[in-house]
Structures are given as structure tokens and as C-alpha cells.
Amino acid sequence: MTAKRLSRKSGVPLYAQVSDFVREKIYEKEWGVDEPIPSEHELMDMLGLARGTVQKGVRVLVDEGLLVQQRGRGTFVTKPLMARPSTTRLLSFAESMDAQDIAYQTQVVAHRVEPARDVCAQQLGIASGADHLFLARVRSVRGRPAMYIESHLNLVACPGLDEADFSQESVFAAVERTSGHAVGRSEMVYSACVAGKVRGRWLECDEHAPVLNCDQLVRLDDDTPFEWGSVWLPANRCVISSETSRA
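About the cut-offs
Residues numbered from 1 in each chain as written. Predicted model: local features only at pLDDT ≥ 70, side-chain atom pairs only at ≥ 80, totals over all residues. Heavy atoms only, no water. Salt bridge = Lys/Arg side-chain N within 4 Å of Asp/Glu carboxyl O. Helix = DSSP H or I, 4+ residues; strand = E, 2+ residues; numbered from the N terminus. Buried < 20%, exposed > 50% of the residue type's maximum accessible area, 1.4 Å probe, protein only. Lys, Arg positive; Asp, Glu negative; His and termini not counted. Polar contact = N/O pair within 3.5 Å; in protein donor to acceptor, adjacent residues only side chain to side chain.

*Asks:* Help me out: how do you make sense of the pattern of salt bridges in this one?
*Replies:* For side chains bearing opposite charge, pairing can occur when the charged atoms are close. For the coordinates displayed, the defined rule picks out 10 salt bridges. Salt-bridge contacts for arginine 59 lead to aspartate 63; the nearest nitrogen and oxygen are separated by 3.1 Å. Remark: aspartate 63 and arginine 59 occur in helix 3 (residues 51-64); sequence separation between them is 4 residues, near one turn of the helix. Here glutamate 150 ties to arginine 199 by a salt bridge, and the two come within 3.0 Å at their closest N and O atoms. Separated by 49 residues along the polypeptide, glutamate 150 in strand 6 (residues 144-153) and arginine 199 in helix 7 (residues 196-203) bring together distant segments of the chain. Classification of glutamate 150 by relative accessible area gives buried; the value is 14%.

This is the structure we're talking about:
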């Protein structure tokens, strides 16, 4: 794409065309992960545009999470902070990170016992209005939020779970300790969406930035559901990886 293909008559703002140009270079793998993109002046010359227009177009991709700006070094294609391996073995996100030797920090941002509404009660297999634990956490890698987790937890199956220190203990470990059962299986559904204001704030990304959402229902080994919730993964900081064979 050259300056000739940037149209001032298309109805698409020029800064948005800059974003499209840079995004395509990255998607086509011409500009690789963890590599710098051309400088603002180089993009200005390449596209025949003013600096302010180029800056605004690049800023859109920074807000999307596709680029990261490093003071004194330039603007780089984002390198994922972590990979979530796809596997038939059930691992929590914390266990997956531990298995990859990824250092992380957990911040508990909500921890409250409250009555379960009808949908929540149905998912957890408890009476409507029964107490359950709502837990929200942010996990950070290298100082950047890598995931935001919301969990509705079954206190009937796991008495005393609300007393756990979830900044230090994983949900799976605390559940097995308080329930007397092993974690059994999970049902997960992945979908792409935008962050929204609340989750964008916790993930330190623009509210319109793309995120990967994992809705999950996790059961004990006796098939009792103990966790119903969602994990929100910011695009380009976290990826899902897998390895398969035709054999």
C-alpha cells in the first residue's frame, strides 16, 4: 500500500487508513512480532501525510493492543505476554502459567459473599438466594495485566472457601482443600468481543480493544459444579497455542 492508495475522498478518515495500512503489514507478517515498525517520519514519507494524522492512526493500534510504544526506542509489534496451551488435561490459568515458568502476580479486586441470582444458582446447582462467593482477580505478567477473571463460587460444596487468600492460593487448590474433592472437568466456550469500560480499565486497554473471552463451568470429580465465570484475555498479550498430529 502506498500514498496513492490513501484516498481523501473515500469517506474513511485518513488516520483510520493509516491504522489499516499498519495493521495489514502486521497481519501479512511483513512487520514481525517484537520488531519496530517504521518511525513516524518514515510513515509520513511513505504515506505522504502529516505527523498528527500518522500519530493518531498509530495510537488506534496501541489502544487495540497490536502495538506498544517504548520511550526512546520506538513503536513495536506486540509480543504476547503468555500462551495458553490447548490440551486435553484440565489446568487452571495459574497452573498453565506455572507449567511454563511464567512469573505472575495476582490482585484480588472483588471478594464478596452474596445471594445467588436465579441464573447463577442454576449454574452452580444451589438454591436461588443461597450464599455464594463472587471473586474478581487481575493477573499481571511483567507489570502488565494479562487476564481479568470473574468467578462465581459454590460455598455449599466448598465451605470456608471465602476465607482463602486468593492473592496467594489458586481457586483450584482452595476448592480441593475445602471441598475434599479433586477438580474434575470443565466446559469452556471461547468468543471474541470488545473489552468494554470496566474490563478495559482492569486490563489497561481501550474499551473498544478486542479481547478473548472464555466462559467456563468447572466441576468437582463427583460432577458438582463449583465455579461459573469468565476469563478475559487482552488481544495480542495472550494467545491460545496447540500442537496436533495427523498420526
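On we go from here.
*Asks:* Is there a simple way to think about the side chain of glutamate 227 in this case?
*Replies:* Along the chain, glutamate 227 falls in strand 9 (residues 225-234). Notably, glutamate 227 is buried but unbridged: the nearest opposite-charge side chain belongs to arginine 137, and the N-O separation is 4.2 Å. At 2.6 Å, the side chain of glutamate 227 and the side chain of serine 151 are in polar contact.

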